[in-house]
Structure formats: structure tokens, C-alpha cells
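Notes for the structure review
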Amino acid sequence: MVKTADSFSGRTDSMTGDSESKLDNQAENENVVRQPFLIGVAGGTASGKSSVCGKIMELLGQNKIDHHQRQVVILSQDSFYRVLTPDQKSKALKGQFNFDHPDAFDNELIVKTLCDIMDGSTVQIPVYDFVTHSRKEETVTVYPADVVLFEGILMFYSQEIRDLFQMKLFVDTDADTRLSRRVLRDISERGRDLEQVLSQYITFVKPAFEEFCLPTKKYADVIIPRGADNMGEI
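Residues numbered from 1 in each chain as written. Predicted model: local features only at pLDDT ≥ 70, side-chain atom pairs only at ≥ 80, totals over all residues. Heavy atoms only, no water.

**A closer look at the environment of glutamine 96**
Defined as follows: Secondary structure elements follow DSSP: runs of H or I of four or more residues count as helices, runs of E of two or more count as strands, with numbering from the N terminus. Any pair of residues with heavy atoms lying within 4.5 Å of one another is described as a contacting pair.
Along the polypeptide, glutamine 96 turns up in the loop between helix 3 (86–93) and helix 4 (107–118). Taking the C-alpha atoms as reference, glutamine 96 lies 8.5 Å from phenylalanine 204; in sequence the two are 108 residues apart. Those residues in contact with glutamine 96, other than ones at most four positions away along the chain, are Lys91 and Phe204.

Set out below in C-alpha cells:
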């Protein structure tokens, strides 16, 4: 039914009240912190998780913007390894500590960091030294952003963490490719020798992937075969 002008007579006070109410609501909304969109990116070791995040950053035109102004930021689960005890550190230096087990990560700190990010807070991200297997004293400052990409092998393992993501991506790359990438990375970037890398892979990495990482693939909203090489899926 179309309303005539007469049908609005006598409602001036009501309309004024509605306008004031809308202004009050608008003022309240301006004070409400807009929560960022959280995207979890999981997948096996050296599957291309970081490359996928970098490609998304590039496609959104954020890769060349100063980090103070970026609307998209990337975080890594690797930054949140637990502080090792002296005995654990001794094992790690010999390649005998399982860094692919869920208990290797400081999940409490991950949850706190994500909650702080959702509250619009500036957060301090730990820096982990893979050569000495220790958390450095310095941290990386991450400022509020519209989109947060959080990548890691076990990002979907903990339900408490998994439920915080609005979107979940799983980077699915074949085992041979992942192994070759890991060998090259650990030797060139982390000072490992080939025998140690292969021993650690067979003893810890491969079994942990099959037990803890691969089963979380079922939680993904999007599965990306071949990582950043698969442009059609990103």
C-alpha cells in the first residue's frame, strides 16, 4: 500500500525521535572496533603456506605498503614455539625434538594474540631463532588490520584456535615436493646438514603430518592444490 502525505500527519515528534535514535546508534557504532577478518592457512611442512599468504597479499596490493598502513597482515605459527627447557633444547640441537607435535606450540599465547587482534589492539609477536632453538628478546609489532592471515602446520588442530577463523584454507602439496623444499630450506637457512634433516623428517615430521596435520584438512573451506603455483584456486 502506498502511503499518502495525510498518513504522516501528527508524526513529527515520532520522526524526530527516530532521527535522534539513529544518530545515537551511529555514534555508538563509530566507537565500536571493527573486527578484522581472520583467515587460517594450514598445510604440511614446506607446502607453500607462506607463498600463498604472500600471493594473497600481492593480489590485494598490500605487499609494497608500509607495515603501519597495511590492511592485510601475515602471522606464522612458527613464531609461537614454546620456550624449551634445557633438556628439550639439548635434544633440539641434536635434531631429536619433535617440533611438529601440537605440544611444541604455545597455544595459549596464540589464542591471546588472536583475541587481542580481534579487539583491535596492537600486538607484539615473538621472534623464534631456528638456529639456536630459542625465542629472541625482540618482538615484531603488528598493527590493527582489516584482514589477518595466520599460517602454520597445525592452525586447525586446536578447536579453540580453529573456531576463531572466519575462513580456513588448506595448502595441499605432494610429499616429495614438500620434502625437497624442506631439505633446501633447512640446509640453506637453518644450518642443518642433510643427514639431520632427513632423519628428523622420517622420525618426526612425516609421522606428525599424518597424525596431526592431514586430518585437519577436513575443516578447510578451501583446499589449494600445489600452493601458490595454483593461481586458479587462490
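**Describing helix 4**
The following threshold applies: Multiply 1.5 Å by the residue count of a helix minus one, and that product is the helix's expected span. For each residue, the accessible area found with a 1.4 Å probe, counting protein chains only, is set against the maximum for its type, and the residue is called buried under 20%, exposed over 50%, and partly exposed in between. This arc corresponds to the set of directions leading from the helix axis out to the C-beta atoms.
Relative to the 16 Å expected for twelve residues at 1.5 Å per residue, helix 4 spans 16 Å between its end C-alpha atoms, a close match to the ideal helical length. Turning to helix 4, its buried residues number three or more, namely Ile110, Val111, Thr113, Leu114, Ile117 and Met118. For helix 4, the angular spread of the buried residues around the axis is 165°, confining them to a single face. Turned more than 90 degrees off the buried face of helix 4, the exposed positions are Glu108 and Lys112. Considering only its buried residues, helix 4 is in contact with strand 1 (37–43), strand 2 (72–76), strand 3 (123–129), strand 5 (147–151) and helix 5 (159–162). The first or second residue beyond helix 4 is glycine 120, which carries a positive phi of 85°.

**Topic: empty space enclosed by the protein**
Quick note on the threshold: Here a cavity denotes grid points, spaced 1 Å and computed from the protein atoms alone, that fit a 1.4 Å probe unable to get out, and a pocket denotes an open set having protein on both sides within 12 Å along at least 5 of 7 lines; residues with an atom within 4 Å of a point are the lining. Grid points are joined across faces, edges and corners, and a volume is the space filled by probe spheres set on the points. Gly is placed with the polar residues, together with every amino acid not listed as nonpolar (Ala, Val, Leu, Ile, Met, Phe, Trp, Tyr, Cys and Pro) or charged (Asp, Glu, Lys and Arg).
Tallied over the entire structure, the rule returns one cavity of 30 Å³ or more. If you go around the largest cavity, the residues you meet are Gly44, Thr45, Asp100, Ile153, Leu154, Val205, Ala208, Phe209 and Cys213. In the lining of the largest cavity, the residues fall into six nonpolar, two polar and one charged.

**A closer look at the nonpolar core**
Put simply, the rule reads: Residues grouped as a nonpolar core are buried Ala, Val, Leu, Ile, Met, Phe, Trp, Tyr and Cys residues, joined through side-chain atoms within 4.5 Å.
The biggest cluster of nonpolar side chains holds 38 residues, and the ones touching the most others in it are Leu38, Leu114, Phe150 and Phe165. Going through the elements one at a time, strand 1, strand 2, helix 4, strand 3, strand 5 and helix 7 (194–213) are the ones with two or more residues in this core. Here this core takes five residues from helix 4, the largest share from any one element.

**What to know about the packing of helix 6 (residues 175–190) against helix 7**
Rules: All axes here are fitted lines through C-alpha atoms, helices being fitted over the stretch that makes contact, and every angle between N-to-C directions spans 0 to 180 degrees. Each angle gets one of four labels, with under 35 degrees taken as roughly parallel, over 145 as roughly antiparallel, 65 to 115 as roughly perpendicular, and the rest as oblique. Each crossing gets its hand from how the near helix is turned against the far one by less than a right angle, where anticlockwise is left-handed and clockwise is right-handed.
Relative to each other, helix 6 and helix 7 sit at 135°, their axes nearing to 11 Å. Compared by their axis directions, helix 6 and helix 7 come out oblique. In this structure, helix 6 crosses over helix 7, and the sense of that crossing is right-handed. In this structure, helix 6 contributes Ala175, Arg178, Leu179, Arg182, Val183, Asp186 and Ile187 to the contact, and helix 7 contributes Leu194, Val197, Leu198, Gln200, Tyr201, Val205 and Phe209. Of the residues assigned to the contact of helix 6 with helix 7, the class counts are ten nonpolar, one polar and three charged.

**Focus: the environment of valine 41**
Secondary-structure assignment places valine 41 in strand 1. On the basis of relative accessibility, which here comes to 0%, the residue valine 41 falls in the buried class. Taking the C-alpha atoms as reference points, valine 41 and methionine 155, separated by 114 residues in sequence, lie 6.9 Å from one another. Among residues more than four places away in sequence, those in contact with valine 41 are Lys49, Cys53, Leu149, Phe150, Glu151, Gly152, Met155, Phe156, Leu169 and Val171.

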